[in-house]
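Inside the fold
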Amino acid sequence: MIDIKTFDKTIGLEKPRRVLKYVLIFCTSGSVTISVDENEFELTENTVLTITSGQIHYFKNIHNAKGIVLEFTYDYFCKNDNDIELIFHNGLFCHFAMNEVIPVDNSETILQELQLIEKELAETPYQYLISTHSRIELILIEINRSKINRGDEIYKPDALFLAFLETILKNFEKNLSVNEIATLLGTTESKLNELSKLHTNKTAQNVIFGLIISEAKRLFTYEKLSVKEVAYMLGFNDPFYFSNFFKKHTKIAPKSYKEKVMI
């Protein structure tokens, strides 16, 4: 649901890991390189990196780095549309591999709130889950303010579109159509296409395709699965069809991609 640890008390940071939680990494001193999916980011003092649920990440080249790792689930944090929109405001925890290192202006406030979350979780006082939720809100607001102060455009996503993305991520093996997802969300295929065009300039179906390809790359890179195994995990009954699908969207065959990214 929610967990927080300092770098030195977090086990397995240097091994590729994926958690179905949203991960916020705050570096308080030193520097550390963090690999997220296919990209690498260097965190230095008073910088933050946010990682979306399901992204594979690990620490490398830790140079006397100190900091805090906060993890929380979507179900814990997203109680209403405002929460859903806040967690993705200005591209935070973006589903489309748009991670970035964010220098924060008010680092003392963020550190204080993280330390108070750690204290609350250790002592579990009355209604501590409510108080920790509020503290996460304050941290995200401070990060967003830092982004706006440096000149970033304000981007406020739509809660329904974000629910659409979450539904895709949680149901890869079902290979849901846009219409099936719309039914689950109590909306229409037309509305999902409208929102997808607005937020990504792509159709809803192409948004689904993009997330499937991203997941396939993670499975090939870190899970060491065969093309057939990945195909079935992503809802494809025919591995040959999946191979053609992957090559169409990446310009490289799955087997060639596997050889390229072997770690």
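Anyway, here's the lowdown on the structure attached to this text.

Thresholds, definitions, all that
Residues numbered from 1 in each chain as written. Predicted model: local features only at pLDDT ≥ 70, side-chain atom pairs only at ≥ 80, totals over all residues. Heavy atoms only, no water. Helix = DSSP H or I, 4+ residues; strand = E, 2+ residues; numbered from the N terminus. Buried < 20%, exposed > 50% of the residue type's maximum accessible area, 1.4 Å probe, protein only. Contact = heavy atoms within 4.5 Å. Axes fitted to C-alpha atoms, helices over the stretch in contact; angles between N-to-C directions. Parallel < 35°, antiparallel > 145°, perpendicular 65-115°, else oblique. Left-handed = near helix turned anticlockwise from the far one by under 90°. Nonpolar A, V, L, I, M, F, W, Y, C, P; charged D, E, K, R; others polar. Expected span 1.5 Å × (residues − 1). Salt bridge = Lys/Arg side-chain N within 4 Å of Asp/Glu carboxyl O.

1. So, the environment of V207
- If you trace the backbone, V207 turns up in helix α8 (residues 204–222).
- The sequence separation of V207 and L192 amounts to 15 residues, and the corresponding C-alpha distance is 10 Å.

2. Re the environment of S29
- Turning to its location among the elements, S29 is positioned in strand β2 (residues 22–36).
- Given the relative accessible area of 23%, S29 is considered partly exposed.
- Put simply, S29 and F161 are 132 residues apart on the chain and 37 Å apart in space, counted from C-alpha to C-alpha.
- Sequence-distant contacts of S29, defined by excluding residues within four places in its chain, comprise E45, N64, A65 and K66.

3. Description of the side chain of S107
- Among the secondary structure elements, S107 is positioned in helix α3 (residues 107–123).
- For S107, a relative accessible area of 14% gives the class buried.
- In this structure S107 touches F26 and N46, once residues within four positions along its chain are discounted.

4. A few points about the packing of helix α5 (residues 159–170) against helix α6 (residues 178–185)
- Where α5 contacts α6, the axes come no closer than 10 Å and their chain directions differ by 120 degrees. Considering the angle they form, α5 stands oblique to α6. Here α5 and α6 pass one another in a crossing that is right-handed. Contacts between α5 and α6 involve L160, A163, F164, T167 and I168 on the former and, on the latter, I181, L184 and L185.
- Taken together, the residues that form the contact of α5 with α6 break down as seven nonpolar, one polar and no charged.

5. Notes on the environment of K21
- Looking at where K21 falls in the secondary structure, it is placed in the loop between β1 (2–6) and β2.
- Residues in contact with K21, not counting those within four places in the same chain, are M1, D3, I51, T52, S53, E71, F72 and T73.

6. Thoughts on helix α4 (residues 128–149)
- Taking 1.5 Å per residue as the helical rise, α4 with its 22 residues ought to reach 32 Å, and the 32 Å between its terminal C-alpha atoms agrees with that figure.
- The complete set of buried residues in α4 reads T132, H133, I136, I139, L140, E142, I143, N144, S146 and K147.
- Just beyond α4, the residue with positive phi is G151, at close to 105 degrees.

7. Remarks on the pattern of salt bridges
- Taken as a whole and judged by the stated rule, the model has 17 salt bridges.
- K5 serves as the salt-bridge partner of D3, at 2.8 Å between the closest nitrogen and oxygen.
- For K5, a relative accessible area of 32% gives the class partly exposed.
- The salt bridge partner of R135 is E113, with a shortest N-O separation of 3.0 Å. Of this pair, R135 sits in helix α4 while E113 sits in helix α3, and the two are 22 residues apart along the sequence.

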